[in-house]
Amino acid sequence: PAAALQVTALAGEPLTLACAGRPPARERAAHVDPAQAQPSTSSHDPQPEAEQEEARLPDPGDWAAGAADGLLGTFPSVSSRPVAVVNSVLVCEQPVVSEVKSLVIAINPKGGGSTIFASPKPEVNLAHAFEHPRDVVSVAVGILEGLTDEHVRQVVDALQVKDENVAAATRLVSSFYDAFIGSDALLMETGSLAEVSYHGDAGDEHLACLDVHVEIDDNAAFRQRDIFSANTSDNPVQAKADELGIWLVNMEGSVACLSNGAGTGMAMLDLVTASGATPANLAVFPADADADAVAQSIRLTTRSERVRSMFISVFGGLTDCQVVAQGIHLACQDPKWSKRVVARFAGEGAEEARQLLAHVPFVELVDDVEEAAAHAASCTVRHVQEKPHIKIAAAA
């Protein structure tokens, strides 16, 4: 047996783990075909010590269960940082693989449908398809036209499967596309579309996707409730962020960043880095967040001891800056508050937000956004003895 696991963050890095491809050598020795076993000359003959030991070896199923159990609840890492908790494990029989192909479906960046990339080579992903177009055959599928028999024929021809597997490949390509459309996927790819058999029986050969990487559009969460409800996390910070509808990316620094837009948030990261500090996280709250949600977002992203300051940047439009100011006021009412926060307001409601916070303790207005970023960064290199302030950088 083999134990394998794939964890795919819906809005983050994919992670693939392979564990325990086959049992240890001593356990493999216990896998003896009864028809090939040598009968004992006497029921009273003493067995060699090695044979007595093999008789006590665990069942292969028990071994696989133990290997899988060792993965559950762990936090595998990408680039030395945890990305997800393992909450499910796939256990399957190890097949005999003869040939491996690649199949990728991605949203067409020019709009109007999707593109299928097919290659007779293994481990070809979307990035490889763009960098090495000669390795793949690309087939554009219009959203209104849908997948046609001609599209499927082109893809199957590009995969170069054996003649006896053409019919199976035709069904698989159609099912692959249906799953892509039906799940509101942005990307669905496998570099391990294999012609496999079990126990070396060539007559039992068939096609199988040994692993598939899928990215689902976050905007389709209301249609894909079953998929998104399975995206649970044992990390309390991430679980709370999911509950609040916050997009949260954790990093290793000491300046927390909060914004109402991803573009603004990325600019904040650049400003903090240019000021000599390292971001602790980036959180983007939804445009319709109320004051309580904003206050909870502030508490959530500053709860770590390594966070010494917070940088908030809000561009008013769909989000009312006054609501964000109310959320800041709520967060500051906590008597245990010990973090310095730097904020920038611009756009709809910015002036009203500044007036609301003008006489609130811990609030100081700063006009220049770069100066505000530098002030937040300075908290990471020196301890602040006085009561922390919230600095608000007004729009120039």
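Residues numbered from 1 in each chain as written. Predicted model: local features only at pLDDT ≥ 70, side-chain atom pairs only at ≥ 80, totals over all residues. Heavy atoms only, no water.

## So, the overall build of the protein
1) Next: Along the backbone of the protein there are 13 helices and 18 strands.
2) Next: Here the protein holds 396 residues, and 40% of them are scored as buried.
3) Next: Carbon together with sulfur atoms contributes 52% to the accessible area of the protein, which is approximately 21200 Å² in total. (Helix = DSSP H or I, 4+ residues; strand = E, 2+ residues; numbered from the N terminus. Buried < 20%, exposed > 50% of the residue type's maximum accessible area, 1.4 Å probe, protein only. Areas by Shrake-Rupley, 256 points an atom, 1.4 Å probe, with all protein chains shown as cover.)

## Considerations on the pairing of strand 15 (residues 309-316)
1) Next: Buried residues dominate strand 15, accounting for seven of its eight residues.
2) Next: As defined by bridge partners, strand 13 (residues 255-259) adjoins strand 15 across five bridges and the pair is classed as parallel. The partner of leucine 258 across the bridge, within strand 15, is isoleucine 312.
3) Next: Relative to strand 16 (residues 340-347), strand 15 runs parallel, the two being bridged by eight bridges. Following the sheet pairing, serine 313 is matched in strand 16 by arginine 344.
4) Next: As a crossover connection, the stretch from strand 15 through helix 11 (residues 321-332) into strand 16 is right-handed. (Pairing = 2+ DSSP bridges. Right-handed = clockwise from strand over helix to strand, strands pointing away.)

## Here we look at a nonpolar patch on the surface
1) Next: A grouping of Ile143, Leu144 and Ile181 is seen on the molecular surface, where their side chains present a nonpolar patch of about 350 Å² in accessible area.
2) Next: The residue isoleucine 181 is located in helix 6 (residues 166-182) in this model.
3) Next: Note on isoleucine 181: relative accessible area 38%, which makes it partly exposed. (Patch = residues over 30% accessible without salt bridge, like charges linked within 9 Å, V, L, I, M, F, W, Y side chains within 5 Å. Salt bridge = Lys/Arg side-chain N within 4 Å of Asp/Glu carboxyl O.)

## Focus: a negative patch on the surface
1) Next: Taken together, the side chains of Asp367, Asp368, Glu370 and Glu371 present a region of like negative charge at the surface.
2) Next: As for its placement among the helices and strands, aspartate 368 is situated in the loop between strand 17 (363-366) and helix 13 (369-378). (Lys, Arg positive; Asp, Glu negative; His and termini not counted. Charge placed at Lys NZ, Arg CZ, Asp CG, Glu CD.)

## Examining helix 6
1) Next: Across its 17 residues, helix 6 extends 24 Å between first and last C-alpha, which sits within 8% of the 24 Å expected from 1.5 Å per residue.
2) Next: Among all positions of helix 6, only Ala169, Leu172, Val173, Phe176, Tyr177 and Phe180 are buried. Looking straight down helix 6, one finds its buried side chains confined to an arc of 130 degrees; they lie on one side. In helix 6, the exposed residues that point more than 90 degrees away from the buried face are Arg171, Asp178 and Gly182. (Expected span 1.5 Å × (residues − 1). Arc of directions from axis to C-beta.)

## Concerning the packing of helix 8 (residues 236-244) against helix 10 (residues 291-301)
1) Next: Where helix 8 contacts helix 10, the axes come no closer than 11 Å and their chain directions differ by 165 degrees. With respect to helix 10, the element helix 8 is oriented roughly antiparallel. Both helix 8 and helix 10 take part in a crossing whose hand is left-handed. Residues Val237, Lys240, Ala241 and Leu244 of helix 8 pack against Gln296, Ser297 and Leu300 of helix 10.
2) Next: A breakdown of the residues in the contact of helix 8 with helix 10 according to their chemical character gives four nonpolar, two polar and one charged. (Axes fitted to C-alpha atoms, helices over the stretch in contact; angles between N-to-C directions. Parallel < 35°, antiparallel > 145°, perpendicular 65-115°, else oblique. Left-handed = near helix turned anticlockwise from the far one by under 90°. Contact = heavy atoms within 4.5 Å. Nonpolar A, V, L, I, M, F, W, Y, C, P; charged D, E, K, R; others polar.)

## A word on the packing of helix 11 against helix 12 (residues 350-357)
1) Next: Two elements in contact, helix 11 and helix 12, have axes whose closest approach is 7 Å; the angle formed by their N-to-C orientations is 25 degrees. With respect to each other, helix 11 and helix 12 are oriented roughly parallel. Our pair here, helix 11 against helix 12, has a crossing hand that is right-handed. Between helix 11, through Cys321, Gln322, Ala325, Gln326, Ile328 and His329, and helix 12, the contact on the second element is made entirely by Ala350, Glu352, Ala353, Leu356 and Leu357.
2) Next: Of the residues that constitute the contact of helix 11 with helix 12, the class distribution is seven nonpolar, three polar and one charged.

## Details of the side chain of glutamate 195
1) Next: Mapping glutamate 195 onto the fold places it in strand 9 (residues 185-197).
2) Next: Within the buried set, glutamate 195 has no salt-bridge partner at all; the shortest N-O distance to an opposite charge, 4.2 Å, is to lysine 101.
3) Next: Within the local environment of glutamate 195, its side chain forms a polar contact with the side chain of asparagine 165, the two groups lying 2.7 Å apart.
4) Next: Contacts of glutamate 195, omitting those with residues within four sequence positions, involve Val96, Val97, Ser98, Glu99, Lys101, Val161, Lys162, Asn165, Glu205, His206 and Leu207. (Polar contact = N/O pair within 3.5 Å; in protein donor to acceptor, adjacent residues only side chain to side chain.)

## Comments concerning the nonpolar core
1) Next: Formed by 35 residues in total, the largest nonpolar core has its most connected members in Phe285, Ile298, Ile312, Ile328 and Phe345.
2) Next: Of all elements in the fold, only helix 8, strand 13, strand 14 (279-284), helix 10, strand 15, helix 11, strand 16 and helix 12 reach the threshold of two or more residues within this core.
3) Next: Among the elements that line this core, the one with the most residues is helix 11, at six residues.
4) Next: With residues near it in sequence (within four places) discarded, isoleucine 312 still touches Leu258, Met268, Ile298, Ile328, Val341, Val342, Ala343 and Arg344.
5) Next: Listed in part, the 24 residues of the second largest apolar core include Ile105, Ala118, Val139 and Val173. (Core = buried A, V, L, I, M, F, W, Y, C linked by side-chain atoms within 4.5 Å.)

## So, the side chain of serine 313
1) Next: Inspection of the secondary structure assignment puts serine 313 in strand 15.
2) Next: Of the residues examined, serine 313 reaches a relative accessible area of 3% and is grouped as buried.
3) Next: Discounting chain neighbours no more than four positions away, the residues touching serine 313 are Leu258, Ser259, Asn260, Thr264, Met268 and Arg344.

## Some remarks on the environment of methionine 188
1) Next: Turning to its location among the elements, methionine 188 is positioned in strand 9.
2) Next: For methionine 188 and histidine 213, which are 25 residues apart along the polypeptide, the C-alpha to C-alpha distance reads 5.8 Å.
3) Next: Once residues lying within four places of it in the same chain are set aside, the contact partners of methionine 188 are Leu103, Val104, Ile105, Phe176, Ala179, Phe180, Ser183, Val212, His213 and Val214.

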